[in-house]
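Close look at the chain arrangement
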Amino acid sequence: MSRARAHGSPRGGNHPAAGALLALSMVVAALLGLHAPGARAAGEASAAASSGAGLGAPAEPTPASSGEASAASGNAPAASDTAPAASGAPAAAGPLVRGLAPMPGGAPVPERWRSPGAVEGDGGPSPVVFPPQRLTIRFNHRLHVRSLGVPCTGCHERARTSRSARDSLLPPATRCDACHLTDHRDLSEVTGEPEHHAAACVFCHVGYRPEDGNRVARMSVPPPRLRFSHAAHGARNIGCRQCHGEVQELELATRDQLPRMRGCLACHGQQGPARGDAPAACVTCHLAEASGRMKTSFAEGRLVPPAWLHGAGHGPDWIERHRAVAAADGTLCATCHQERECAECHDGRVRPRRVHPNDFLSSHPVAARQNDPRCTSCHRTQSFCLGCHQRAGVTLSGPDAAFAGRGRFHPPPREWTDPPRGAGHHAWEAQRNLDACVSCHTERDCAGCHASREVGGRGAGSGGAFGQGSNPHPVGFRSRCRVALRKNARPCLVCHDPRDARLEACR
Amino acid sequence: MARACSPRTILALALFAGTAAAPARGYEARVDARTDVQLYTFASPYGDPIVRRRRVTQQLGLALDDLDGVPDPRAASLGFRARLRLDGDFGQESAERSPRTPERFVPGLEEAPLDLIYAYLEGEGYLGGVAGFRVGRQQLFDALGWWSFDGALLRLSAPAYVAVEAYAGYEQRSSLPLTTDRYAADGVWRGRRDELETALHPAFLDQRELAPAWGAALGTSGMHWVQGKLAYRRVQTRDVVVSAPFPDAGGGWQTVGGARVASERAGGAVQATLPELGAVGGRAVYDLYLSRATEYDAGVDAYLTPELTVGARLDHYLPTFDGDSIFNWFSHQGMTTYEARAEWAASRRFAIAASGGLRAFTTEGDPERYASAVADADPASPSRGEAQRTDAVSSLDARHRTAEGSVAARGVLEAGERGHRRGGDVTLRRRVLGGRFDALGIVSLYDWRDALRPDRAATSLQYVLGWGVRAGRRARFGAEWEHAMNRLVGQRYRVVATLELEVGP
């Protein structure tokens, strides 16, 4: 009997009901999967949780009273979150509960011992930069460093010469042999001094059981997505503590002792000579694409800046706020984004759903009157808007011959256009948000009333006026018109005859 | 008599030439292509005409990096970028593009314009790392906005604190080959009038001359906690255009020509961040043609905890237009928005942001008493009074994001004298099977009422279903189905299909 059958799975599918049940379960599973974006396979979830990928719990296996967690995995011992079962440990040592977490009993690490830049509640380092780890070794740094006097490089000796973040700086298992009286030279047949309790596999390998033989849980410490040279930093007398905090005070060292960007910028963010050879450019440390832009997309998610970095936190409403950062330092955006991404919204041809909600085609007139979002950030009203409005026959200019006389778009003339100007007159809306007017009207529509009576030389005395002389100029116009006239007289001549005495006041 | 080469010999020679003569490449090349097809139809509010959109947009991008063969981020680098776009709408009727059918003719309408979004050669890190340049069609973003020109830009960055850039060329405007009018100042209806009589659409101004433009900027460089940029830009128009859109006494048309200011603006933006406290920033634009500040905004954020940020913002916007446009003189006060905002990043996956405030407009004159006030006022110094008109604006955005997808919700509530708009969307994006397939689902409900046109009030329900498939990391095909329901349009459908391809490292 297969294991699946033993667990009662409907396998084989001979019975019609079994097929229907299977199909139903697939649909339910798909729906659940769709509605639970964070769901993962159980093994991944355990690794992520133990590594703080979610809310920042550090990667500490927690003591437990039974060894059941590793029982379901068949021959391979699981990377258990539990301590070794007391029954599996040699009798001499008692419960092996130290070195399973940074602090005894899983107490929180004091802030002064954490990595520089780490703050309370920061959730640990980014899981995208430092992918979740799977720590299956019980290890007490405090004991080794402070009590036994082993320096950091006594075990992590490759930190002296490593020039790549992909280098594994974990010590080989043989490093433990001399003191623990073990022999890891042949990993297919590891041995230990039987009388020495610290030589037992379970002393270090979390979740080990005697029946596991020579197999222990695999440890996984993925390389960070960074460019980093331990050698270069060491050569500048930057000690381990300057980036990793007070590991010598802790028992198990977890992801939480890995550097924070805020800590890196303590040096890399310096100005002038103080910074030395530590530039602040993002790709100094972060991986870059061939184009030189920062690589931001990884299996664990997308790298986005924190709020405190240039005020550029990509929160849920970032699209409404990004202008302030882009205007002050557009090169920051270019660190990660290609200009085509800007063009896809600001000069796009496919309506971006993140900007415009659904059925925007129906609701856009109200949004345009509120200018929310600001139409001219992406659209030129006298071409993009006007062209479509003319095709739809809602403009005064354009192909009105075919669509004239079908009803009035605006409120009645006595309210909207006729003098005297009442509370519902169009002037107030025009003063407020002329972009909305210009999305349908051309200058001729406005000049018909607002041009002076002499425009075109056809004043009242010479055969009829085009303009009504309704003055549209704002308060304070007189003080500004001289400059405007000098720089460009064309708009003046739309409404004023070149010999108009009122132009003289601006000359 | 020479012996003819056999096909095998030609193939061998070609292979030899292709392998032995190929120089060692020191550059990286990437080509990407994207095709979007959009099919939908909408009707005029009056019922006709029916506008059919059968849009096909194709983009082709090319990026060449390390043209000088030195892939070292600390050395000088040379690269090239280009992006070409075909924007077709094959639902147009030919009558809409022909001046011979004035009852349907829409000036400036093109069926499938082709434009070069950008194409430039860029060098960085020259002269000991301080100099850089760009030559070609390029885009700029600064306090003055997003803009494009054809020309050259030179940038000098001091080792610390300051960078200077200067540029000159021609603004990208429509009616020239491979251009779009997206970047030209607004307020002027322009294009080629080749077949148009002057009396037909006189407000459609002729455009055929290059528009000289130049500018400069001074910004921070290498400053980590403070960034800022001051910018100045001037653009000229040189086209000969009609002045008044009406014939003169003799039935002729007066024209204006020569170089004149299309836009001349100066502005600045600054952003300062203290990681333990918060951020402050602001931006201002002064229009030198109008002699007035036309845009300014300022904001402050406080990081109360690592998860919670609160802030306030002020934003003023006055619509401005091209120097050729009369509309600058109709745009008086603009709008000022006062807003408070809070963002709570509950975890790396979930965050929510809410904002609310007022959008205010100060009228030039009291709308309720304007007529009598003007009648009583001294014409030389009219005392028209003023009044405040306000609308309430608010929004709510929430997002739960994982490596496999996201769930996002957005809510909008605007209410006031101009009517209201309220509603929200829920968007679900999901990648499955290691990203090979992706799915999109959106459902939204919006209700709106325009106080000026209460007959166009409606409540709309819409959903979108999308699906995509990837072939490796370099190709993706996706399709979306959109269905909107409201009393104004009944049922409206839209189909969007996208094909993306990429070749390169």
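Residues numbered from 1 in each chain as written. Chains lettered and ligands numbered in written order. Predicted model: local features only at pLDDT ≥ 70, side-chain atom pairs only at ≥ 80, totals over all residues. Heavy atoms only, no water.

**Looking at the overall build of chain A**
Looking only at helices and strands, chain A has 23 helices and 4 strands in total. When each of the 507 residues of chain A is scored for burial, the buried share is 43%. A separation threshold of at least 6 residues defines the contact pool for chain A, and within that pool the share at least 24 residues apart is 58%. Accessible area of chain A: about 25,100 Å², with a carbon and sulfur share of 58%. (Helix = DSSP H or I, 4+ residues; strand = E, 2+ residues; numbered from the N terminus. Buried < 20%, exposed > 50% of the residue type's maximum accessible area, 1.4 Å probe, protein only. Contact = heavy atoms within 4.5 Å. Areas by Shrake-Rupley, 256 points an atom, 1.4 Å probe, with all protein chains shown as cover.)

**Here's the deal with the overall build of chain B**
Regarding its fold elements, chain B presents 3 helices and 26 strands. The buried share of chain B, reckoned over its 505 residues, is 48%. Taking the contacts inside chain B whose residues are at least 6 apart along the sequence as the reference set, 49% of them involve residues at least 24 apart. Summed over all atoms, the accessible surface of chain B reaches about 22,800 Å², with 61% contributed by carbon and sulfur.

**Here's the deal with the side chain of S174(B)**
Residues and elements named next belong to chain B. Within the secondary structure, S174 is located in the loop between β7 (161-171) and β8 (189-191). What makes S174 buried here is its relative accessible area of 13%. In this structure, S174 is in contact with T179, T180, D181, R190 and Q207, ignoring residues within four places of it in sequence.

**Details of the interface of chain B and chain A**
Taken together, the contacts link 183 residues of chain B with 148 residues of chain A. Interface area, chain B with chain A, both sides summed: about 14,200 Å², of which 54% is carbon and sulfur. The three residues of chain B that bury the most area against chain A are F246(B), W329(B) and R348(B), which together make up 6% of that side's buried surface. The tally of links from chain B across to chain A stands at 23 salt bridges. In this structure, the salt-bridge partner of R353(A) is E482(B), at a minimum N-O distance of 2.8 Å. Linking chain B to chain A there are 72 residue pairs in polar contact (both at pLDDT 80 or more). Looking at which element gives the most residues to the side of chain B that touches chain A, the answer is strand β20 (residues 386-402) of chain B, with 9 residues. Here the side of chain B that touches chain A is composed, by residue class, of 80 nonpolar, 34 polar and 69 charged. (Buried area = accessible area lost by both parts, 1.4 Å probe. Salt bridge = Lys/Arg side-chain N within 4 Å of Asp/Glu carboxyl O. Polar contact = N/O pair within 3.5 Å; in protein donor to acceptor, adjacent residues only side chain to side chain. Nonpolar A, V, L, I, M, F, W, Y, C, P; charged D, E, K, R; others polar.)

**Re the pattern of salt bridges**
Side-chain pairing between opposite charges can occur once the charged atoms of the two side chains come close. With the rule as written, the count across this model stands at 82 salt bridges over all chains. For R391(A), the salt bridge identified is with E96(B), shortest N-O distance 3.0 Å. Of this pair, R391(A) sits in helix α15 (residues 381-391) while E96(B) sits in the loop between β3 (77-89) and β4 (114-125), each in a different chain. Note on accessibility: R391(A) and E96(B) belong to one class, buried. A single network of salt bridges, built from pairs that share partners, joins R323(A), R374(A), R265(B), R283(B), E295(B), D297(B), R313(B), D315(B) and E339(B).

**Things to note about a nonpolar patch on the surface**
Residue and element names in this part refer to chain B. Taken together, the side chains of L154, L156, Y161, V162, V164, L218 and L230 make up a nonpolar region of the molecular surface, amounting to roughly 600 Å² of accessible area. Every element with two or more residues in the nonpolar patch is listed here: β6 (145-157) and β7. It is β7 that contributes the most residues to the nonpolar patch, 3 residues altogether. In this fold, L156 is placed in strand β6. (Patch = residues over 30% accessible without salt bridge, like charges linked within 9 Å, V, L, I, M, F, W, Y side chains within 5 Å.)

**Here we look at the packing of aromatic side chains**
Residues and elements named next belong to chain B. Taken as a whole, this structure holds 12 aromatic pairs over all chains when the rule is applied. When the centroid spacing of 6.0 Å and the interplanar angle of 40° are considered together, the rings of Y126 and F133 count as tilted. In this structure F133 comes out as partly exposed when scored by relative accessible area, which is 25%. Aromatic pair W189 and F204: ring centres 5.0 Å apart, planes at 65°, arrangement edge-to-face. Of this pair, W189 sits in strand β8 while F204 is found in strand β9 (residues 204-206), placing the two residues 15 residues apart along the sequence. (Phe/Tyr/Trp six-rings, centres within 6.5 Å; stacked < 30°, edge-to-face > 60°.)

**Some remarks on unusual backbone geometry**
Of the consecutive residues D372(A) and P373(A), the connecting peptide bond is found in the cis state with omega at 0°. Mapping P373(A) onto the fold places it in the loop between α14 (360-370) and α15. Of note, the bond from D48(B) into P49(B) is cis; its omega dihedral lies within 30 degrees of zero at 5°. Within the secondary structure layout, P49(B) lies in the loop between β1 (28-43) and β2 (50-65).

**Focus on the state of the cysteines**
Residues and elements named next belong to chain A. This model, assessed by the stated rule, comprises 1 disulfide over all chains. C481 shares a disulfide with C506; S-S distance 2.0 Å. Note on the C481 and C506 pair: the S-S dihedral is about -100°, so by sign convention the disulfide is left-handed. One end of the pair, C481, is in helix α21 (residues 477-487); the other, C506, is in the segment after α23 (501-504), with 25 residues separating them in the sequence. C506 carries the same exposure label as C481, and that label is buried. Cysteine C204 remains unbridged, with the sulfur of C176 as its closest cysteine sulfur at 6.1 Å. (Disulfide = S-S within 2.5 Å.)

**Notes on the confidence of the model for chain A**
Predicted confidence across chain A gives a mean pLDDT of 79, with 77% of residues reaching 70 or more. With pLDDT under 50 throughout, residues 1-20 of chain A is counted as low confidence; its partners more than four residues away or in other chains account for 7 contacts. (pLDDT = per-residue confidence, 0-100.)

**Quick look at α14(A)**
Judged by how many residues are buried, α14(A) sits mostly within the fold: 8 of 11 residues are covered. Directly after α14(A), the chain includes N371(A), whose backbone phi takes a positive value near 55°.

**Observations regarding helix α11 (residues 318-328) of chain A**
Residues of α11(A) that are buried include every one of W318(A), V325(A), A326(A), A327(A) and A328(A), and no others. Each element contacted by the buried residues of α11(A) is listed here: α12 (330-334) of chain A together with β5 (131-142), β11 (226-237), β14 (260-274) and β15 (278-287) of chain B.

**Section: a positive patch on the surface**
Where like charges cluster on the molecular surface, the positive patch consists of R302(A), R431(B), R470(B) and R473(B). Assignment of secondary structure puts R302(A) in strand β4 (residues 301-302). Judged by relative accessible area, R302(A) falls into the exposed class, the value being 52%. (Lys, Arg positive; Asp, Glu negative; His and termini not counted. Charge placed at Lys NZ, Arg CZ, Asp CG, Glu CD.)

**Looking at the nonpolar core**
Residue and element names in this part refer to chain B. Counting residues in each nonpolar core, the largest one holds 15 residues, and the members touching the most others are L140, W147, F149, L153, Y167 and V235. Put simply, the parts of the chain that give this core at least two residues each are β4 and β6. In terms of residue count, β6 provides more of this core than any other element does, 4 residues in total. When sequence neighbours within four positions are dropped, the list of residues in contact with W147 reads Q138, Q139, L140, Y167, E171, Y183, A213, R233 and V235. (Core = buried A, V, L, I, M, F, W, Y, C linked by side-chain atoms within 4.5 Å.)

**A short note on the environment of E417(B)**
Among the secondary structure elements, E417(B) is positioned in the loop between β21 (405-416) and β22 (419-432). Beyond its immediate sequence surroundings of up to four residues, E417(B) is in contact with R389(B), T390(B), D391(B) and A451(B).

**Examining the environment of Q92(B)**
Among the structural elements, Q92(B) can be located in the loop between β3 and β4. Every residue in contact with Q92(B), bar those within four places of it in the chain, is listed here: R391(A), R52(B), R97(B), L109(B), E110(B) and E111(B). A polar contact of 3.0 Å, which involves the side chain of Q92(B), links it to the side chain of R97(B). One polar contact links the side chain of Q92(B) to the main-chain carbonyl oxygen of E110(B), over a distance of 2.9 Å.

**Quick notes on the environment of E386(B)**
Looking at where E386(B) falls in the secondary structure, it is placed in strand β20. For E386(B) and G365(B), which are 21 residues apart along the polypeptide, the C-alpha to C-alpha distance reads 4.1 Å.

**Some thoughts on the confidence of the model for chain B**
Chain-level statistics for chain B give a pLDDT mean of 90 and a share of 92% at 70 or above. Element-level pLDDT for chain B is lowest in helix α1 (residues 7-20) of chain B, with a mean of 58, against a maximum mean of 97 in strand β25 (residues 475-486) of chain B.

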